[in-house]
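Residues per chain, in single letters:
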Amino acid sequence: MQSRRSVRDVLRALTFPLTIVLLVLTAASVIYSVNIGSERLDPAAVWQVVLSHLGHGTGPNDPAVEAIVWELRLPRALLSVVVGAGLSVAGAAMQTLVRNPLADPYLLGVSAGASVGATAVITFGVLSAFGLWAISVGALLGSLGAALAVYLVSMAQGGLTPIRLVLSGVVLSSAFSAVASFLVFKGPDPRAAQSVLFWLLGSVSGAQWNRVPLPAVVVFLSLLLLLAASRWLDALAVGPDTAAALGVPIGPLRQSLFVLLALLVGVMVAVSGGIGFVGLVVPHLCRMVVGSLHHRVLPLAAAFGGFFMLWVDVASRVIVAPAEIPLGVVTGLIGAPVFLIVMGRRNYEYGGAA
């Protein structure tokens, strides 16, 4: 037991180096992953394309390789990293907000609300004026609408307490899912159900360069804000009474967290659909390594979440190539057994000693 504790103490002291190592591995993996797919590419040709767009090219590029690398796979790889980081950070913060180890980023009904917006676009052509952005805009509006509904219901019932947030989120998620199912049932095109299902299970196959900056900025700013409030989050994770005794403004903090997480998760769902288990499992794995203090957990969760989602996306497009598996299927197959193993460890407690 003593040796195990000493190992954990060493890992906690090395949180920053571990995060940097993961970021370096992620950057290397992004370049390497571009070679992988139904069409195998020459690594030298891939590097030539990347360097040419960075202003260091040494010759003309193969047009086919350039289209695959620069227009398809590279923005897809970067978006998967951003989404993985965002969901992992949101999951860690959500578990603190509701003080529940089973909370995931979609607890506020954001995913179910997004499914209503996306389904309305796919089945009835709502918001078609936005063109290729129609599904993302519909999903974002639906997710923010769902979060607003959860907020209003919780406030009407007495405030943003953990139990009210959990119950309101679960109940309204069921209601929004029913609405989405009804839209599919009433839709004029029976084939739209398959498109809706694929979107609900998550994918970054539609990634383009113009879809990467917004979610990347949202994730970066959200992480900075959460790190700035990390001491308050540590106190809130212990309990509201302790936090209040330490001078933490419980009400404003919960409301700010709610708004921030609604925006963060809403943007992630809008660009990738619903991807389960990432925001649930990754924070727990990070707490096992570096403890429960948020200034350690949050950056490590962002780095590991991005790395994990990148390779999930690679697996989704090579397992049954040239077809593609939705990301939520892969994360579910990996995340469920991993979470059960984590939960079964006798020395692991959610929010345990830091």
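Each remark here, short or long, concerns the structure printed above.
A short tour of the structure in this document, coming up.

Rules behind the numbers
- As a convention, each chain's residues are numbered from 1 in the sequence order in which they are written.
- Under the rules for a predicted model, residues below a pLDDT of 70 receive no local features and side-chain atom pairs below 80 are neither given nor counted, while totals for whole chains, interfaces and linings still include all residues.
- Processing note: side-chain calculations cover all non-hydrogen atoms of the structure and skip hydrogens and water entirely.
- Nonpolar cores are built from buried Ala, Val, Leu, Ile, Met, Phe, Trp, Tyr and Cys residues. Side-chain atoms within 4.5 Å join them into one set.
- A 1.4 Å probe rolled over the protein chains alone gives each residue an accessible area, and that area as a share of the maximum for its type sets the label: buried under 20%, exposed over 50%, partly exposed in between.
- Every helix listed is a DSSP run of H or I at least four residues long, and every strand listed is a run of E at least two residues long, numbered separately from the N terminus.
- By definition in these notes, contact holds between two residues if any of their heavy atoms fall within 4.5 Å.
- Expected helix span is taken as 1.5 Å per residue step, with the number of steps being one fewer than the number of residues.
- Identification of polar contacts relies on pairs of N or O atoms within 3.5 Å, with a donor-acceptor requirement for protein atoms, meaning one able to donate a hydrogen and the other able to accept it, and with residues adjacent in sequence counted only if both atoms are side-chain atoms.
- By convention, a stacked pair of Phe, Tyr or Trp rings (six-membered ring in the case of Trp) has centres within 6.5 Å and planes under 30 degrees apart, an edge-to-face pair has planes over 60 apart, and any other such pair is tilted.
- Charge over a ring is defined by NZ of Lys or CZ of Arg lying within 6 Å of the ring centre and within 35 degrees of the ring normal.
- Angular values range over 0 to 180 degrees, each being the angle between N-to-C directions of two axes fitted as lines to C-alpha atoms, with helices fitted over their stretch in contact.
- Roughly parallel covers angles under 35 degrees, roughly antiparallel covers those over 145, roughly perpendicular covers 65 to 115, and oblique covers all other angles.
- Each crossing gets its hand from how the near helix is turned against the far one by less than a right angle, where anticlockwise is left-handed and clockwise is right-handed.

### Details of the nonpolar core
Right, on to step 1. Core analysis: the largest hydrophobic core is formed by 71 residues, its most contacted members being Leu165, Leu226 and Ile275.
Right, on to step 2. Counting residues per element, this core draws most heavily on helix H12 (residues 250-272), which supplies 14 residues.
Right, on to step 3. Excluding anything up to four places from it in sequence, Leu226 contacts Val89, Ala93, Leu233, Leu257, Leu260 and Leu298.
Right, on to step 4. Membership of the second largest hydrophobic core comes to 14 residues, among which are Val46, Val50, Ile68 and Val81.

### Concerning helix H9 (residues 213-228)
Right, on to step 1. Counted at 1.5 Å a residue, the expected span for H9 with its 16 residues is 22 Å, and the 22 Å between its end C-alpha atoms agrees.
Right, on to step 2. Each element contacted by the buried residues of H9 is listed here: helix H4 (63-98), helix H10 (230-238), H12 and helix H14 (294-318).

### Some details on the side chain of Ser154
Right, on to step 1. In this structure, Ser154 sits in helix H6 (residues 134-156).
Right, on to step 2. Reaching out from Ser154, the side chain makes a polar contact with the side chain of Ser168 at a distance of 3.3 Å.
Right, on to step 3. The contact partners of Ser154, leaving out residues within four places of it in the chain, are Gly159, Leu160, Arg164, Leu165 and Ser168.

### Thoughts on unusual backbone geometry
Right, on to step 1. For Arg99, which is not a glycine, the phi torsion comes out positive at approximately 50°.
Right, on to step 2. Counting through the fold element by element, Arg99 comes out in the loop between H4 and helix H5 (110-124).
Right, on to step 3. With relative accessibility at 37%, the residue Arg99 sits in the partly exposed group.
Right, on to step 4. Positioned with a positive phi, Leu127 is a non-glycine residue whose angle comes to about 65°.
Right, on to step 5. Structurally, the position occupied by Leu127 is in the loop between H5 and H6.

### Considering the side chain of Ser136
Right, on to step 1. Position of Ser136 among the secondary structure elements: in helix H6.
Right, on to step 2. Classification of Ser136 as buried rests on a relative accessible area of 7%.
Right, on to step 3. Ignoring sequence-local partners within four residues, the contact set of Ser136 consists of Arg211, Ala270 and Val271.

### What to know about the packing of aromatic side chains
Right, on to step 1. The tally for this structure, following the rule as stated, stands at four aromatic pairs.
Right, on to step 2. Sitting over the ring of Trp133, Arg211 keeps its end group 5.2 Å from the ring centre.

### Notes on the environment of Ser33
Right, on to step 1. The residue Ser33 is located in helix H2 (residues 15-33) in this model.
Right, on to step 2. It is 7.4 Å that separates the C-alpha atoms of Ser33 and Ala77, two residues lying 44 residues apart in sequence.
Right, on to step 3. When residues no more than four places from it in sequence are discounted, the contact partners of Ser33 are Ala77, Leu310, Val314 and Arg317.

### Some details on the packing of H6 against H12
Right, on to step 1. Interaxial distance between H6 and H12 falls to 8 Å at its minimum, and their mutual angle equals 155°. What the angle tells us is that H6 and H12 run roughly antiparallel. Once H6 is placed against H12, the crossing between them reads as right-handed. Note on element contacts: H12 touches H6 through Gln255, Phe258, Ala262, Leu263, Gly266, Val267, Ala270 and Val271, opposite Ser136, Ala139, Leu140, Ser143, Leu144, Ala147, Val150, Tyr151 and Met155.

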